[in-house]
Amino acid sequence: MLRGLASRPFDGEGLAGARRNLIDDGTLTSWLLDLRSARQLGLKPTGQAARGLGSPPGPASSNLYLKAGTSSPGELLSQVKQGLYVTEFIGSSVNMVTGDYSRGASGFWIENGELGFPVSEITIAGNLKDMFRHVTPADDLEFRTSVNAPTCRVEGLTIAGL
C-alpha cells in the first residue's frame, strides 16, 4: 500500500513485498509465509517476514485490513434487537484447534437498535468459524494503524455477565 503505515519495499529477509489478498469471496487464498515456514509447508515464500529485536524473522502482516461494507454503522446498529456495542476488549482466549473464542469486554447494551446503558466486565464467547461466517462490515474503514477494520456486526455470540 503506497505510503501505508507498515509499507516496505521488501520484507525482513530481503524478498520483495507485493499486494496480497488473503481471503477472496470468503475463501482463504494465500498465507503469510517467511522462508522457514514456506520451506516447512513445501510452498514459496510470500515476502511477509518481519524481524524482531531478539528473534529470527517470522511471518507477519503489513497494512492488513478488512474491506469496508456498504452499510453505515448506524444502519447496522438499527438492525440489532438486543446486543452489545463493544468499545474495549480485555484479555483473550482462543483454542486454535477447535476455534472456540472467549474474551472479556465492555461497551454499551443495544436495545431495539439504540445504544443503552454501559456494561463492563462481561464475557463474549463463540466459535471463530461461526463468527467469520456472520460478520458484516460497515462502510467506515479508516487507515490509522498497520491493521485496520471498519465497525463490524457479528451475529450469534454468547454474552455473559450482565
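Above this text sits the structure in question.
Residues numbered from 1 in each chain as written. Predicted model: local features only at pLDDT ≥ 70, side-chain atom pairs only at ≥ 80, totals over all residues. Heavy atoms only, no water.

## Observations regarding the sheet that holds strand β8 (residues 114-127)
Taken in spatial order, the four strands make up an open sheet running β6-β7-β8-β12, and their pairing is antiparallel. Of all strands in the sheet, those with a lone pairing partner are β6 (82-94) and β12 (158-160), marking the two edges. Each strand axis lies, on average, 35° off the axis of its neighbour in the sheet, ignoring direction. Here β8 runs beside β12; their pairing, made up of three bridges, is antiparallel. In the sheet register, I124 faces β12, and the bridge partner there is I159. (Pairing = 2+ DSSP bridges. Helix = DSSP H or I, 4+ residues; strand = E, 2+ residues; numbered from the N terminus. Axes fitted to C-alpha atoms, helices over the stretch in contact; angles between N-to-C directions.)

## Structural notes on the environment of R144
Looking at the secondary structure, you find R144 in the loop between β9 (135-137) and β10 (147-148). It is 30 Å that separates the C-alpha atoms of R144 and Q82, two residues lying 62 residues apart in sequence. Of note is the side chain of R144, whose polar atom sits 2.6 Å from the side chain of E142. (Polar contact = N/O pair within 3.5 Å; in protein donor to acceptor, adjacent residues only side chain to side chain.)

Note that every value here comes from positions in space, so none of it alone points to a role or purpose.
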